[in-house]
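The chain contents come next:
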Amino acid sequence: MRLHYSQYALDTYKALLALEASLTLDSTLKDLVKLRVSQINGCAFCVDMHVKEAKLHGERELRLHHLAVWHESTLFTKKERAALQWAENLTRISERGIHDADYAAVRAHFDEEELVALTHVINTINVWNRLNVAFATPAGSMDGLMGLEKAGLI
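So, here's what we can say about the structure. (Residues numbered from 1 in each chain as written. Predicted model: local features only at pLDDT ≥ 70, side-chain atom pairs only at ≥ 80, totals over all residues. Heavy atoms only, no water.)

## What about the environment of alanine 139?
For clarity, the cut-off: Put simply, DSSP marks the helices as runs of H or I at least four residues long and the strands as runs of E at least two long, and each gets a number from the N terminus on. Here, two residues are considered to be in contact whenever any of their heavy atoms come within 4.5 Å of each other.
Looking at the secondary structure, you find alanine 139 in the loop between helix H8 (112-134) and helix H9 (143-146). Sequence-wise, alanine 139 and glutamate 53 are 86 residues apart; in three dimensions their C-alpha atoms are separated by 13 Å. Contacts of alanine 139, omitting those with residues within four sequence positions, involve Ala44, Phe45 and Asp48.

What follows is the structure in structure tokens.
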């Protein structure tokens, strides 16, 4: 670990924790989105954390294994698929932007409130990924503090 970012810029860190606590998306969808974005961003700490959280929230292990290939998998609902595509589009925004067709595809499954909540989850996990990748936070290093050892995946 390069440094523990939670010990510096404390007001900003507290604001990020408050933002995280305010996220209102359904926990199953939130877990899938956070995990998929973390996979794309190569954040080992967050992949580890969100697999454990998803398991604690009752997610099936096979769906977690299929998340990396969700485009080809039949294990996800149309709404989940729309959320995962939106998550990939926003996470890779510099590659192609967001087109009207992308927006229309996600809007077919989410009302305004849900779409903004989903977008906040995606944006927030991108921030956490960048912090943990930048400062090389070790996977599993917060398990005890967060109760993630209860997932039984250690």
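Here the narrative resumes, following the displayed structure.
## Concerning the packing of aromatic side chains
Using the following cut-off: A pair of Phe, Tyr and Trp rings is counted when the ring centres sit within 6.5 Å of each other, with Trp represented by its six-membered ring. The angle between the planes then sorts it: under 30 degrees is stacked, over 60 is edge-to-face, the rest tilted. A 1.4 Å probe rolled over the protein chains alone gives each residue an accessible area, and that area as a share of the maximum for its type sets the label: buried under 20%, exposed over 50%, partly exposed in between. Any Lys NZ or Arg CZ that is within 6 Å of a ring centre and within 35 degrees of that ring's normal is treated as a charge sitting over the ring.
Under the defined criterion, the tally for this structure stands at 5 aromatic pairs. Ring centres 6.2 Å apart and planes at 85 degrees place the aromatic pair tyrosine 13 and tryptophan 128 in the edge-to-face group. With a gap of 115 residues between them, tyrosine 13 in helix H1 (residues 10-22) and tryptophan 128 in helix H8 connect regions that are remote in the sequence. Taking relative accessible area as the criterion, tryptophan 128 reaches 10% and is therefore assigned buried. Stacked on the ring of phenylalanine 110, the Lys or Arg lysine 79 has its end atom at 4.9 Å from the ring centre.

## Points about the state of the cysteines
Convention followed: We call a pair of cysteine sulfur atoms a disulfide whenever their separation is within 2.5 Å.
Tallied over the full model, the rule gives 0 disulfides. With no disulfide of its own, cysteine 43 lies 3.3 Å from the sulfur of cysteine 46, the closest cysteine sulfur. Assessed through its relative accessible area of 2%, cysteine 46 is described here as buried.

Fair warning: the whole summary comes from geometry, so function is off the table for now.
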